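# Secondary and tertiary structure notes
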Amino acid sequence: IDDLTEVDYSLNSLPAVFRPFIDLDLKGIVYPTGNYTGPPYVAAPFTIPDQSDSMLYLAFSEYFFQTSSFAYYTAGAFNITITEETCSYFNMSTEIFGSIIPEVAEYSPYPVMLQLMATEIPIISLEQDSLTVEIQGSMEVFAVLPDSTTQSLFTMNIAANTSIAPNIFDQKLMGSLCLNRLQFSLAHSNVGFFEISLLENILSYILQTEVIPSANAKLSKGFPLP
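Given the structure is predicted, the values throughout are model-derived calculations rather than measurements.

Before going further, it helps to spend a moment on the pairing of strand 8 (residues 131–144). Of the pairings in the sheet, the one linking strand 6 (residues 112–118) to strand 8 comprises 7 bridges and is antiparallel in character. Within strand 8, the residue paired with Leu114 across the bridge is Val141. In this sheet, strand 8 lies alongside strand 7 (residues 123–126) in antiparallel orientation, the contact comprising 4 bridges. When the sheet's bridge partners are listed, Ile123 is paired in strand 8 with Glu134. Turn length for the strand 7-strand 8 hairpin, with the two strands adjacent in sequence and antiparallel, is 4 residues.

Here we take up unusual backbone geometry. Positioned with a positive phi, Asp170 is a non-glycine residue whose angle comes to about 55°. In this fold, Asp170 is placed in the loop between strand 9 (150–169) and strand 10 (172–189). Notably, Gln171 is not glycine yet its phi reads approximately 60°, a positive angle. With respect to the element layout, Gln171 can be found in the loop between strand 9 and strand 10.

On to the pattern of salt bridges, then. Side chains carrying opposite charge are able to pair once their charged atoms draw close together. Counted under the stated rule, the structure contains 1 salt bridge. One salt bridge connects Asp8 with Lys27, and the closest N-O pair in it is separated by 3.7 Å. With a gap of 19 residues between them, Asp8 in strand 1 (residues 5–8) and Lys27 in the loop between strand 3 (22–23) and strand 4 (29–32) connect regions that are remote in the sequence. On the basis of relative accessibility, which here comes to 35%, the residue Lys27 falls in the partly exposed class.

Any pair of aromatic rings gets described here by the distance separating the centres and the angle formed by the planes. Applying the stated criterion across every chain yields a total of 10 aromatic pairs. Plain terms: the ring middles of Phe60 and Phe65 are 6.2 Å apart, the flat faces sit at 55° to each other, and that makes the pair tilted. Exposure remark for Phe65: the relative accessible area of 13% places this residue in the buried category. Site record: aromatic cluster; members linked through ring pairs are Tyr9, Phe60, Phe64, Phe65, Tyr72 and Phe223.

Quick look at the domain arrangement of the chain now. Domain boundaries in the chain define domain 1 (1–76) and domain 2 (78–225). Distance from the C-alpha centre of domain 1 to the C-alpha centre of domain 2: 30 Å. In this assembly, 17 residues from domain 1 lie in contact with 16 residues from domain 2. Carbon and sulfur atoms supply 73% of the area that domain 1 and domain 2 bury against each other, a total of about 1500 Å² over both sides. Area buried by domain 1 at its contact with domain 2 is led by Glu62, Phe65 and Tyr73, which between them contribute 38% of it. Run the count over domain 1 and domain 2 and you get 0 salt bridges.

Counting residues in hydrophobic clusters, the biggest one holds 45 residues, and the most contacted among them are Leu114, Met139, Phe154 and Leu199. Broken down by secondary-structure element, the contributors of at least two residues to this core are helix 1 (62–74), strand 6, strand 8, strand 9, strand 10 and helix 3 (200–219). Counting the residues that make up this core, at least three belong to each of domain 1 (1–76) and domain 2 (78–225). Other than its neighbours up to four places away in sequence, Met139 contacts Leu114, Gln115, Leu116, Phe154, Thr155, Met156, Ile158, Leu203 and Leu207.

Definitions and cut-offs
Every chain begins its residue count from 1, and numbering advances along the sequence as written. Whole-chain, interface and lining totals are the exception, using all residues; otherwise, since this is a predicted model, local features are given only for residues with pLDDT of at least 70 and side-chain atom pairs are given and counted only at 80 or more. Values shown for side chains rest on all heavy atoms present in the structure; no hydrogens or waters enter the calculation. At least two bridges found by DSSP between two strands is the condition for calling them paired. Think of it this way: any DSSP run of H or I at least four residues long counts as a helix, any run of E at least two long counts as a strand, and we number them from the N terminus. Put simply, a salt bridge is a Lys or Arg side-chain nitrogen that is within 4 Å of an Asp or Glu carboxyl oxygen. Burial classes follow relative accessibility: with a 1.4 Å probe on protein chains only, a residue under 20% of its type's maximum area counts as buried, one over 50% as exposed, and anything between as partly exposed. Classification of ring pairs uses Phe, Tyr and Trp, with its six-membered ring standing for Trp, and accepts pairs whose centres are within 6.5 Å; under 30 degrees between planes counts as stacked, over 60 as edge-to-face, and the remaining range as tilted. Start and end points for every domain follow an automatic or database-based domain assignment. Any two residues whose heavy atoms approach within 4.5 Å at even a single point are treated as in contact. Summed over both partners, the accessible area (1.4 Å probe) lost when two parts come together is defined as the buried area. Grouping buried Ala, Val, Leu, Ile, Met, Phe, Trp, Tyr and Cys residues that are joined through side-chain atoms within 4.5 Å yields what is termed a nonpolar core.

So this is what it looks like as structure tokens:
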């Protein structure tokens, strides 16, 4: 699929040949590249509804997407670092945060670095026309000091509800990620206690303009179909 993952579409059983159609039962398991340890899920059997309007019907179970989530989580794909250099739409500095958290102003005006990571395997659920992805993670905010070392300012827990609208193009399964809901809570602070609600707009904006476009760029490359 990419540098981080690969997919196994090998047959689970011999093709079942009938007069009007042929059934192919494929594995559909996504692995971290070079790591073929079985994912912690059990594939539930399912059937495709009887239809005859097209020559080919292709169905993916929730198991396929769960193994994708597990593979990318294992490969570290949900660990993201955002720096002043990589932030396209926002001037990330202690000056911005210091206007809300007085203790941060002591490090002003230094650049800020954000480290995001998923703390659990994201949960993927199939909906009528989309996939729902629940992500539990953390965001640690650092001040980048003049000698290039970093000072941790505070760490937040993040709960994100997102959805993916899938589509098929050029023999690939693609998708577009949308951020539906975000919740923040303060996990640890080196700059004293503060109301996290004061930062929600800034942090939501950074995620919307930096993380979501990056995820959609990767989703646009698509999963190769069998």
